[in-house]
Amino acid sequence: MNVVELARALIRAESVTPAGAPVFDIVDEALTAAGFSVTRLTFGEDGTSVDNLFATKGEGGRHIALAGHVDVVPPGNPADWRHPPFAAAVDGDTLYGRGAQDMKGAVAAMIVAGTEWAGGEMGGQISFLITGDEEGPAIHGTKPLVAWAAERVEVDACIVGEPTSREVLGDTIKIGRRGSTSGEIVVTGKQGHVAYQALAHNPIPTLLAIGEALNAPLDEGSDTFDPSNLEIVSVDVSNPAFNVIPAEARLRFNVRANDLWTTDTLKEALSARVRHAAPKADITITWQEGASEAFVTRDPVFIQSVSDAIERQTGVRPTPTTGGGTSDARFIKDHFPVIEFGAVGSTMHQVDERTSLSELERLKNCYLAIIDSVLTG
């Protein structure tokens, strides 16, 4: 099985979130041909349902799971691309296409590595957890898929193929992620004429004071995480007029929190800041669904095993980090020890997303070395 041709086939199967059956058919065919037992799973109600896939092979010994997603973000304007975003064009040593880095290339490399592993004297099992909505709501994908799998198999270690490498393949692995919490604050005032301000109440100064309070540092970081960070992402009053005081003002924010916080303690602290900044104001705070908490994999043997395997293939010793955004690892960590490792992510989500053919081959070799190290080490 050729990793480049499999990656091209996956890219050609247009699968903007949520990914549909065609791209899963390709994964199913490749794994079934290699002797894996494949189960197709759909979670969610009609209209919001998501396709997923679980596959397993082997018995006895240690068990490694390889996890990834075959959905992609929209390509934007196809005319802005050097090659059509779903053509999977090869130009020299470069493969162009939406998902080349994030993360159909990694899924292809994982599949080929899994099919090439010959096994060891102690046996071993390999499973795949493939979802179709990591780039979307992530409600009916990996979260129920890994819960379903955990009821049926015991997994010793899991690798998520997110594009973690920064500059060269192998320089970074993710051993944890910050949590993510989003909220919206609405300050209600009273609409009126700007020349008769005593008859109105302007909510904007109050909102600005709240924004300043929210921007104060949350912490100084922990032993495994950088300081937590809050970003105000939107301030809106929907007021096109210069002579009208608006009736309300809205502020939206997102926090990437480290392991010094839980979702509940973070909400309590931020709510206290808001109340302190505007104790008499008419304020509503709405917390968005889907908050996640920080986590870190504290398994030195697993981390060393993965790091050694990568270094043998690339000559680079990976740096374990906990930075960046969220990923489906936040669901997997509740069931299995998890580390993220994948391609250089320099063009993910961009126009002309691309990866090199040689890197795909080296990534496949890294996954094969990781499988061997985890299962036989």
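Described in the following lines is the structure provided in the data block. Just so we're clear, the structure is a prediction, and the values are computed from it rather than from any experiment.

1. Side note on the overall build of the protein chain
- Within the protein chain, the secondary structure is distributed over nine helices and 19 strands.
- Expressed as lengths along the three principal axes of its C-alpha atoms, the size of the protein chain is roughly 80 × 45 × 40 Å.
- Split into buried and exposed, the 377 residues of the protein chain put 51% on the buried side.
- Once local pairs closer than 6 in sequence are excluded, the contacts in the protein chain between residues at least 24 apart make up 80%.
- Of the charged side chains in the protein chain, 30 are positive and 51 negative, and the gap between their average positions amounts to 3 Å.

2. A closer look at the pairing of strand 6 (residues 124-131)
- When you tally the buried positions in strand 6, you get eight out of eight residues, the bulk of the element.
- Judged by which residues are buried, strand 6 turns out to be covered on both faces: Gly124, Ile126, Phe128 and Ile130 on one side and Gln125, Ser127, Leu129 and Thr131 on the other are all buried.
- Bridging between strand 2 (residues 50-59) and strand 6 involves eight bridges; their strand directions are antiparallel. Bridge pairing links Thr56 to Ser127 in strand 6.
- Where strand 3 (residues 63-69) lies against strand 6, seven bridges are found, and the strand directions are parallel. Each residue of the ladder has a partner; that of Ile64, found in strand 6, is Ile126.

3. Comments concerning the packing of aromatic side chains
- Inspection of the entire model under this criterion finds four aromatic pairs.
- Ring geometry for Phe341 versus Tyr367: centroids 5.8 Å apart, planes at 75 degrees, classification edge-to-face. Highlighted residues: Phe341 in the loop between strand 18 (338-340) and strand 19 (354-356) and Tyr367 in helix 9 (residues 357-376), separated in sequence by 26 residues. Accessibility assignment for this pair places Phe341 and Tyr367 in one class, buried.

4. A few points about the side chain of Thr297
- Along the chain, Thr297 turns up in the loop between strand 16 (295-296) and helix 7 (300-314).
- Residue Thr297 is classed as buried on the basis of its relative accessible area, which comes to 8%.
- Apart from residues no more than four positions distant in its own chain, Thr297 is found in contact with Ile175, Phe302, Ile303 and Val338.

5. Concerning the packing of helix 7 against helix 9
- Packing of helix 7 against helix 9 leaves a shortest axis separation of 8 Å and a crossing angle of 140 degrees. Here helix 7 is positioned oblique relative to helix 9, judged by the angle of their axes. The way helix 7 lies across helix 9 gives a crossing that is right-handed. For the pair helix 7 and helix 9, contact is made by Phe302, Ser305, Val306, Ala309, Ile310, Arg312, Gln313 and Thr314 and by Asn365, Cys366, Ala369, Ile370, Ser373 and Val374, respectively.
- For the contact of helix 7 with helix 9, the residue count by class is eight nonpolar, five polar and one charged.

6. Points about the sheet that holds strand 19
- Judged by pairing direction, the sheet is antiparallel, and its three strands sit side by side in the order 4-5-19 without closing on themselves. What marks the edges here is a single partner per strand, and that holds for strand 4 (90-91) and strand 19.
- Of the pairings in the sheet, the one linking strand 4 to strand 5 (residues 94-96) comprises two bridges and is antiparallel in character. Following the sheet pairing, Val90 is matched in strand 5 by Leu95.
- Helix-sheet contacts for helix 9 involve strand 4, strand 5 and strand 19, and the interaxial angle to strand 19 is about 70 degrees.

7. Considerations on the nonpolar core
- In this structure, Ile64, Ile126, Phe128, Ile159, Phe341, Tyr367 and Ile370 are the most contacted members of the largest nonpolar core, which totals 62 residues.
- At ten residues, the largest contribution of residues to this core is made by helix 9.
- Other than its neighbours up to four places away in sequence, Ile159 contacts Ile64, Ala65, Leu66, Ala67, Met110, Phe302, Val306, Ile339, Tyr367 and Ile370.
- One finds Phe43, Ala138, Leu145 and Phe336 within the second-largest nonpolar core, a separate group that totals 21 residues.

8. Quick notes on the packing of helix 1 (residues 3-12) against helix 3 (residues 104-116)
- One way to put it is that helix 1 packs onto helix 3 with a least axis distance of 8 Å and a crossing angle of 135 degrees. Between helix 1 and helix 3, the angle falls in the class oblique. Considering how the two elements wind past one another, helix 1 and helix 3 form a crossing that is right-handed. Contacts between helix 1 and helix 3 pair Val3, Leu6, Ala7, Leu10 and Ile11 from the former with Lys104, Gly105, Val107, Ala108, Ala109, Ile111 and Val112 from the latter.
- A class-by-class count of the residues in the contact of helix 1 with helix 3 yields ten nonpolar, one polar and one charged.

What counts as what
Residues numbered from 1 in each chain as written. Predicted model: local features only at pLDDT ≥ 70, side-chain atom pairs only at ≥ 80, totals over all residues. Heavy atoms only, no water. Helix = DSSP H or I, 4+ residues; strand = E, 2+ residues; numbered from the N terminus. Buried < 20%, exposed > 50% of the residue type's maximum accessible area, 1.4 Å probe, protein only. Contact = heavy atoms within 4.5 Å. Lys, Arg positive; Asp, Glu negative; His and termini not counted. Charge placed at Lys NZ, Arg CZ, Asp CG, Glu CD. Pairing = 2+ DSSP bridges. Phe/Tyr/Trp six-rings, centres within 6.5 Å; stacked < 30°, edge-to-face > 60°. Axes fitted to C-alpha atoms, helices over the stretch in contact; angles between N-to-C directions. Parallel < 35°, antiparallel > 145°, perpendicular 65-115°, else oblique. Left-handed = near helix turned anticlockwise from the far one by under 90°. Nonpolar A, V, L, I, M, F, W, Y, C, P; charged D, E, K, R; others polar. Core = buried A, V, L, I, M, F, W, Y, C linked by side-chain atoms within 4.5 Å.

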